[in-house]
Amino acid sequence: RPEVSVYDAHDGNATVTSVVYSPDGSKIASRADDDTVRIWKSSIHAAATKLELMAIYRSLPGFYDSCNVAFGPLGNMLCAGTCVKPQMGASRLKVFAANEDFLEKENKGASKVFEPDPLIDLVVSEGASVMRVTWHKRLNQIFCGVSDGTIRIYYDPHLSTKGALLSTSRSARKQDALELLLQSRHNPQTSIQGTIVAPNALPMYQDPEHNHVAKRKRQDRKDPMLSKCPEAPSDVKHMEGGRSSASTTFTQFVVQSTNMVKNKNIIGQDPRKDLFQYTEGKKIYAGRAYEGNNPEGGNLAETTAEQAEEDMKNAKKKKI
């Protein structure tokens, strides 16, 4: 069982979302969804059966279970963030006085619990709520987690140390003696301007606009003979054999130009007969295979080898 219980610590059926002790353990702060933060005096006596309410901080709406309250490093101040509906107003960070002597002085002889105003009231984000706050004890800086996914850090230039203050106040790097010497001898009027053309540089460092070899290759690519580009396929109607009616092979061109087969039927004729037409005096161009033959066509075979072989087969059959 708990040693001390406080019922109806907040108004109505409010849900408490955060309870935190002060650094010295003399005070307890509680926050609930009734838009208030309350400070209670923590008794050090074992026989104490209740907590004494010291102050009530109002106007602190909280819509999330993560909404909390945080004491400062010395315990004499506390902070809390506010929540707003999406795109309706701005969330705020409020810092209140929580000094025990100050609160007891204000409550002395008063008919109701003291409700102090905030010492600091800062705008955190437009249209976003403060989900959680943390007051860093060593850095003395306040970290706010906002519902838009950002973290805001607040610090005092005189009281905060390191942390976020370090990145904004970092001094520039000191220059060494060589850098100072080069900077003193630098003359902007004599600095090189424009493009430096290095024709003997490696290909990876050459400028394509000044590379004559690349330029010549681009020009040669446009020439079908130098580029050895294959002939493009014809787009006309194709005929038998894969040849188009608009193109002919080299053999067809030679035959058609010499008029070799025009109106002449050469089927069944011996082509060796035409070889004897090309003679120069007694010299025959037919070759030694036809040596001694009559140029007029004598001693030419009347039948082909296939016909002669077939005749021999027929003669053998008749003998049988």
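Use the structure listed above.
Keep in mind that what you see is a predicted model, and the values were worked out from it rather than measured. (Residues numbered from 1 in each chain as written. Predicted model: local features only at pLDDT ≥ 70, side-chain atom pairs only at ≥ 80, totals over all residues. Heavy atoms only, no water.)

Participant: What's the story with the packing of aromatic side chains in this structure? I'm lost.
Facilitator: Centre distance and the angle of the planes are the two values used to describe a pair of aromatic rings. Applying the stated rule across the entire model yields two aromatic pairs. With centroids separated by 4.6 Å and ring planes inclined at 45°, the aromatic side chains of tyrosine 57 and phenylalanine 96 adopt a geometry described as tilted. Of this pair, tyrosine 57 sits in strand E4 (residues 52–57) while phenylalanine 96 is found in strand E7 (residues 90–97), placing the two residues 39 residues apart along the sequence. Considered together, tyrosine 57 and phenylalanine 96 belong to a single accessibility category, that of buried residues. (Phe/Tyr/Trp six-rings, centres within 6.5 Å; stacked < 30°, edge-to-face > 60°. Helix = DSSP H or I, 4+ residues; strand = E, 2+ residues; numbered from the N terminus. Buried < 20%, exposed > 50% of the residue type's maximum accessible area, 1.4 Å probe, protein only.)

Participant: Explanation requested: the sheet that holds strand E3 (residues 36–41) in the structure shown.
Facilitator: What holds strands together in a sheet is hydrogen bonding between their backbones, with the strands either parallel or antiparallel. If you trace the four strands from one edge of the open sheet to the other, you get E1-E2-E3-E4, paired in antiparallel fashion. Of all strands in the sheet, those with a lone pairing partner are strand E1 (16–21) and E4, marking the two edges. Pairwise comparison of adjacent strand axes, ignoring direction, gives a mean angle of 20° for this sheet. Of the pairings in the sheet, the one linking strand E2 (residues 27–32) to E3 comprises six bridges and is antiparallel in character. Residue arginine 31 lies in a different strand from E3, and its bridge partner there is valine 37. Running at roughly 95° to E4, helix H1 (residues 100–107) makes contact with E2, E3 and E4 of the sheet. (Pairing = 2+ DSSP bridges. Axes fitted to C-alpha atoms, helices over the stretch in contact; angles between N-to-C directions. Contact = heavy atoms within 4.5 Å.)

Participant: Any chance you could explain the nonpolar core here in plain terms?
Facilitator: Side chains of a nonpolar character, in soluble globular proteins, are inclined to be buried together. Counting residues in each nonpolar core, the largest one holds 14 residues, and the members touching the most others are Ile39, Tyr57 and Leu78. Those elements that provide at least two residues to this core are E3, E4, strand E5 (69–71) and strand E6 (77–81). Per-element tally for this core: the top contributor is E4, with three residues. With sequence-adjacent residues up to four places away left out, tyrosine 57 is seen in contact with Asp35, Thr36, Val37, Ile39, Leu78, Phe96, Ala97, Ala98, Leu103 and Pro116. Core analysis: the next-biggest nonpolar cluster, separate from the first, contains 12 residues, Ala70, Val95, Ala128 and Val146 among them. (Core = buried A, V, L, I, M, F, W, Y, C linked by side-chain atoms within 4.5 Å.)

Participant: I tried to follow a negative patch on the surface on my own but got confused; where do I start?
Facilitator: Side chains of Glu306, Glu309, Glu310 and Asp311 sit close together on the surface and give a patch of like negative charge. Among the structural elements, aspartate 311 can be located in helix H6 (residues 305–319). The exposure class of aspartate 311 is partly exposed, given its relative accessible area of 45%. (Patch = residues over 30% accessible without salt bridge, like charges linked within 9 Å, V, L, I, M, F, W, Y side chains within 5 Å. Areas by Shrake-Rupley, 256 points an atom, 1.4 Å probe, with all protein chains shown as cover. Salt bridge = Lys/Arg side-chain N within 4 Å of Asp/Glu carboxyl O. Lys, Arg positive; Asp, Glu negative; His and termini not counted. Charge placed at Lys NZ, Arg CZ, Asp CG, Glu CD.)

Participant: Which parts of the structure should I look at to understand the side chain of lysine 94?
Facilitator: In this structure, lysine 94 sits in strand E7. Of the buried charged residues, lysine 94 lacks a salt bridge, with aspartate 121 as the closest side chain of opposite charge at 4.5 Å. Ignoring anything within four residues of it in the chain, the contact list for lysine 94 reads Ser59, Leu60, Leu78, Cys79, Ala80, Thr82, Pro118, Ile120 and Asp121.

Participant: Looking at this model, I keep getting lost on a nonpolar patch on the surface. Mind explaining?
Facilitator: A surface patch of nonpolar side chains, amounting to about 250 Å² of accessible area, comprises Leu119, Ile120 and Leu122. Counting through the fold element by element, leucine 122 comes out in strand E8 (residues 120–126). Given the relative accessible area of 33%, leucine 122 is considered partly exposed.

Participant: Just checking my understanding: could you explain a positive patch on the surface for this structure?
Facilitator: On the surface, Lys313, Lys316, Lys317 and Lys319 cluster together into a patch of positive charge. With respect to the helices and strands, lysine 313 occurs in helix H6. Judged by its relative accessible area of 49%, lysine 313 falls in the partly exposed class.

Participant: I'm lost on the sheet that holds E8 in this one. Help?
Facilitator: An order of E5-E6-E7-E8 is seen for the four strands of this open sheet, with the pairing classed as antiparallel. Of all the strands in the sheet, just E5 and E8 have a single pairing partner and so form its edges. Recorded for the sheet is a direction-independent mean angle of 20° between the axes of neighbouring strands. Examined bridge by bridge, E5 and E6 share three bridges and lie antiparallel to one another. In the sheet register, alanine 70 faces E6, and the bridge partner there is cysteine 79.

Participant: Explain unusual backbone geometry to me, please; I cannot follow it from the model alone.
Facilitator: Peptide bonds are trans in most cases, and residues, glycine excluded, mostly fall at negative phi. Although it is not a glycine, serine 59 sits at a positive phi angle of roughly 60°. Assignment of secondary structure puts serine 59 in the loop between E4 and E5. Even without being a glycine, asparagine 140 presents a positive backbone phi close to 60°. When you line up the elements, asparagine 140 lands in the loop between strand E9 (130–135) and strand E10 (142–146). With a relative accessible area of 23%, asparagine 140 lands in the partly exposed category.

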